[in-house]
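# Coordinate inspection notes
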Amino acid sequence: MNDKPFPESLIAPGHGACAGCGCILAMRHVLEALGKNVIISMATGCMEVVTTPYPETSWRVPWIHVAFENAAAVASGVSAALKSLGKKGVKSVAIAGDGGTADIGLQALSGTVERGDDVLYICYDNEGYMNTGIQRSGLTPFGAWTTTTPIGKVKRGENRQKKNLPAIIAAHGAPYVATASVAYPVDFMNKLKKAAAIEGPTYVHVLAPCTPGWRIDNSKTIEVVRLAVLTGFWILYEIENGKLNVTFRPPKRRPVADYLKMQGRFKHLTDAEISEIQKMVDNQCKHFGIE
Amino acid sequence: MKLTAGAVIVEPGNAAKNKTGSWRAFRPIIDVEKCTGCGLCSIYCPEPAIHKGKPAKVDYDYCKGCGICANECPFHAITMVPEGKR
Amino acid sequence: MRRMLTGNEAAAIAAKLARVKVISAYPITPQTVVVEKLSEFVADGELDAEFMKVESEHSALSACVGAAAAGARTFTATSSQGLMYMAEMLFIASGLRLPIVMANANRALSAPLNIWCDQQDSMAVRDCGWVQLHCENNQEIMDTTIQAFRVAESLSLPVMVCYDGFILSHTAEPVDVPEQKDVDEFLPPFKPQYALDPEKPVTMGPMGVPEYYEEIKCMQQEAMRAAKEKLVKVDVEFGKKFGRRYKLLERYHSDDADVVLLTMGSLSSSVKEIVDRYRERGEKVGLVKLKSFRPFPVEELIDALGHAKAVAVLEKNISFGSAGALFLDTAASFVNVEKAPLMLDFICGLGGRDVEALQIREAIRAAARAAESGEVRKTVRWLGLREKLVGLRT
């Protein structure tokens, strides 16, 4: 009988994440990259709920959940405490979903970055309020079905593009901002290590699929978010002290339809709508110097 | 069981007592001949439920049968078979 | 050392003497000076603490939660809208059992916007699980804030120290400022039972499933009950060391009075003066000044008011659709008690409206009439209200 399964992992198995969940995988990569000397402040959301139903916890590091919109503020408080108590070598890390970051969490995050607090903020982006049942967020992509952007007779899906969070945080003057994908774990973990080593507010935004939310098969989690990158829909880059560096250029950019057609949340799209999305992706790639 | 003030959980990782292997409808079977020990399966497993090795070793106590490992293995060394069949 | 201090200054100096480690507060009238003074202390190196320039009250208390959870002694301050904005966090802080201390300069609630004193703000959050203490003067603010850290840390409960906005926050009074070494002896460094620490990882704030939530909440209620005893204990100890005691409530010429007024905060001082004048004329009127609103000291109030014929509650708040919060809790205390006084509720001083001697006398007269006739014609009344303006009287 295994007393401590996977002892090297700072997240224990036995949590309630869906089979094939991209977000819990992101959490594994985070802890793998950062190690045990962290204090995690997590927002309400899927990751919080599936890992800590009292009296159980999956976390093998110090961890606190407070509310939905304040992961950044809590992490700032942790960081201030560590500083005031003279405790060195421990990193304050805030983790929240796209909802808890881009929408309700934006104020707290903005404050943390503006103040220059020593916090590594990680946004796991599954492009919707998944924990409450797949409602749209400010990071839901154009055209996507969600329960609050349903495909109806008059309106068809999300009509707004993703809020550009990395750009917003970079505009605050954060010393390090990066995007990542769970299909590129080495890139993700390198960026996390880099961000953690900087004293100050750093931001890493990882695209991580939700299998029921994106309407994909459990086994396709990695494949789909690899395609997000290979089609230029999601670009892997870092902005270090204002300087942009694209960390992965797809060798031959695939049509975005390949990515969209893998997911049930886009199955309603007409060819015309897909073309529109292709144009948006083309513009985005142009901006980043990707052919 | 003793309740803590503020519902603080003092035993790290005690969720491991949940054997989520019971969720499975399909189980991954490793072909030891084909497995090269690259470890990609263990990097991509959400739980974690698969140990890197040559061959990789599934922890069936926790594997939820998502099939990511089988889908990602570059050597097609993992097959998903319906749970209950050998 | 004796100094002329405003209430805000007293609160700030008390936090400084308590050697808080993290201050996270957002400015709002009439609390602003607390925040300003503390940032000055830190900037001058007089206080070795992190001063967080948070961007809202919600983040202020959120940061306090993070800091307290990581093991630092924390302090914040707010009023009115700020208290409302952090309302969600108040419940969370107490649910997480973190010993945060907060100064609240009582101010009226919007809408319409009003920056002046009443106690609606702290009454509106009376359910939040914080110990809620009220101060009559600036000395009491200084003393109560220092005691608050002892109480909070020994119970793992957050404590709110309330004082009237502008009336106390901005008015200078002579205050005996305790010596740092004496406060150090009274208040040892914060040693949390649980802290976020990689050496001993814990999980805080899990999902409290139905199987356990009720028990966890009951533990909170039990801690509140233990708070009553703890408040008395700390008060006695403070009295021995610093020579000043406040108790859970103060009985001012009330033990032999037929008519007793009940109030909280600075209004107590005004009422005491009126009580003195009645006593000079040989009339048996008294005051019970309540200091601890949460936990609500039921036994002590029954003991202090049970003998009276009529109790006039004067309070600066109203629970719309019902009555004033202090009246409601006091009346509930007597509901199963055989010998209970008649009770009248007087809503007064809302939005900074001055509570004049004339109004206090009006309340005493109404209570005296009730005491004599044995009945209360109108339970809830307003003092100082211009009825014609409201159309209540043509």
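Quick notes on the rules
- Residues numbered from 1 in each chain as written.
- Chains lettered and ligands numbered in written order.
- Predicted model: local features only at pLDDT ≥ 70, side-chain atom pairs only at ≥ 80, totals over all residues.
- Helix = DSSP H or I, 4+ residues; strand = E, 2+ residues; numbered from the N terminus.
- Rg over C-alpha atoms; globule rule 2.2 N^0.38 Å.
- Buried ≥ 20, exposed ≤ 12 C-beta atoms within 10 Å, placed from the backbone.
- Contact = placed C-beta atoms within 7 Å.
- Axes fitted to C-alpha atoms, helices over the stretch in contact; angles between N-to-C directions.
- Parallel < 35°, antiparallel > 145°, perpendicular 65-115°, else oblique.
- Left-handed = near helix turned anticlockwise from the far one by under 90°.
- Nonpolar A, V, L, I, M, F, W, Y, C, P; charged D, E, K, R; others polar.
- Pairing = 2+ DSSP bridges.
- pLDDT = per-residue confidence, 0-100.
- Core = buried A, V, L, I, M, F, W, Y, C linked by C-beta atoms within 7 Å.
- Domains from an automatic or database assignment.

## With respect to the overall build of chain B
- Scanning chain B from terminus to terminus reveals two helices and four strands.
- When the elements of chain B are put in sequence order from the N terminus, they spell out β-α-β-β-α-β.
- For 86 residues, the compact-globule estimate of 2.2 N^0.38 gives 12 Å, and chain B exceeds it by more than 25% at 16 Å.
- Its C-alpha atoms put chain B at 50 × 25 × 15 Å along the principal axes.
- Looking at chain B as a whole, 47% of its 86 residues qualify as buried.
- In chain B, once contacts between residues fewer than 6 apart in sequence are set aside, the share between residues at least 24 apart is 60%.

## Some words on the overall build of chain A
- The number of helices and strands found in chain A is 11 helices and eight strands.
- The C-alpha radius of gyration of chain A comes to 18 Å, within 12% of the 19 Å expected for a compact globule of 291 residues.
- Each principal axis of the C-alpha atoms in chain A carries an extent, and together these give about 60 × 50 × 35 Å.
- Relative to all contacts within chain A whose residues are 6 or more apart in sequence, the contacts with residues 24 or more apart total 67%.

## Considering the packing of helix H7 (residues 138-155) of chain C against helix H9 (residues 210-242) of chain C
Residues and elements named next belong to chain C.
- Remark: H7 packs on H9, axes separated minimally by 9 Å, with the N-to-C direction vectors making an angle of 135 degrees. Relative to H9, the element H7 lies oblique. The two elements H7 and H9 meet at a crossing, and its hand is right-handed. On H9, the residues that touch Asp143, Gln147, Arg150, Val151, Ser154 and Leu155 of H7 are Ala223, Ala226, Ala227, Lys230, Leu231, Val234, Asp235, Phe238 and Phe242.
- Tallied by class, the residues present in the contact of H7 with H9 amount to nine nonpolar, two polar and four charged.

## Digging into the packing of helix H1 (residues 7-17) of chain C against H7 of chain C
Residues and elements named next belong to chain C.
- Where H1 meets H7, the closest approach of the two axes is 8 Å, and the angle between their N-to-C directions is 25 degrees. Comparing their axes, H7 and H1 come out roughly parallel. As H1 runs across H7, the sense of the crossing is right-handed. In this structure, H1 contributes Gly7, Ala10, Ala11, Ile13, Ala14, Ala15 and Leu17 to the contact, and H7 contributes Asn138, Ile141, Met142, Thr145 and Ile146.
- A per-class count over the contact of H1 with H7 returns nine nonpolar, three polar and no charged.

## What about the interface of chain A and chain B?
- Each partner contributes to the interface: chain A provides 30 residues, whereas chain B provides 29 residues.
- Secondary structure elements with two or more residues in the side of chain A that touches chain B: helix H1 (22-34) and helix H9 (221-230) of chain A.
- Of the residues contributing to the side of chain A that touches chain B, the split by class is 14 nonpolar, 10 polar and six charged.

## Focus on the interface of chain A and chain C
- Of the residues lining the interface, 39 residues belong to chain A; the matching set on chain C comes to 38 residues.
- If you tally residues by element for the side of chain A that touches chain C, the top one is helix H3 (residues 71-84) of chain A, at 11 residues.
- Here two bridges tie strand S2 (residues 63-65) of chain A to strand S9 (residues 203-204) of chain C, and the two strands are oriented parallel to one another. Each residue of the ladder has a partner; that of Ile64 of chain A, found in S9 of chain C, is Met204 of chain C.

## Structural notes on the confidence of the model for chain B
- When the pLDDT values of chain B are averaged, the result is 95; 98% of them are 70 or greater.
- Among the prediction metrics, the complex's ipTM stands at 0.95, with pTM recorded as 0.96.

## Comments concerning the sheet that holds strand S7 (residues 159-164) of chain C
Residues and elements named next belong to chain C.
- Pairing is mixed across the open sheet formed by seven strands, whose spatial order is S3-S2-S4-S5-S7-S6-S13. The two strands at the open ends of the sheet, each matched to only one other strand, are strand S3 (50-52) and strand S13 (292-294). Adjacent strand axes in the sheet meet at a mean angle of 20 degrees when their direction is disregarded.
- For strand S2 (residues 22-24) and strand S4 (residues 74-78), the ladder comprises two bridges, and the chain directions are parallel. Bridging from a neighbouring strand, Val22 pairs with Thr74 of S4.
- Across the sheet, helix H2 (residues 32-43) is in contact with S2, S3, S4 and strand S5 (101-106); its angle to S3 comes to roughly 140 degrees.

## Thoughts on helix H5 (residues 87-95) of chain C
All names here are of chain C.
- Here H5 has its buried residues at Met89, Leu90, Ile92, Ala93 and Ser94.
- In this structure, the buried side of H5 is in contact with helix H3 (57-69) and H9.
- Backbone geometry just downstream of H5 places Arg97 in the positive-phi region, at approximately 60 degrees.

## Section: the nonpolar core
- Within the largest apolar cluster, 255 residues are counted, with the highest numbers of intra-cluster contacts made by Cys23 of chain A together with Val65, Val159, Val161 and Ala312 of chain C.
- Element by element, the count of residues in this core is highest for H3 of chain A, at nine residues.
- Looking at this core, you find at least three residues from each of domain 1 (2-242) and domain 2 (249-390) of chain C.
- Beyond its immediate sequence surroundings of up to four residues, Cys23 of chain A is in contact with Cys46, Met47, Tyr124, Asn126, Ala208 and Cys210 of chain A.

## Quick word on the sheet that holds S9 of chain C
- Pairing within the open sheet is mixed, and its nine strands lie in the order S8(A)-S7(A)-S5(A)-S6(A)-S4(A)-S3(A)-S1(A)-S2(A)-S9(C). Looking at the sheet topology across the chains shown, the edges are occupied by strand S8 (243-246) of chain A together with S9 of chain C.
- Of the strands in this sheet, strand S1 (38-42), strand S3 (91-97), strand S4 (120-125) and strand S6 (202-207) of chain A are in contact with H1 of chain A, which crosses S4 of chain A at around 155 degrees.
- Relative to the sheet, H3 of chain A contacts S1, S2, S3 and S4 of chain A, its axis offset from that of S3 of chain A by approximately 175 degrees.

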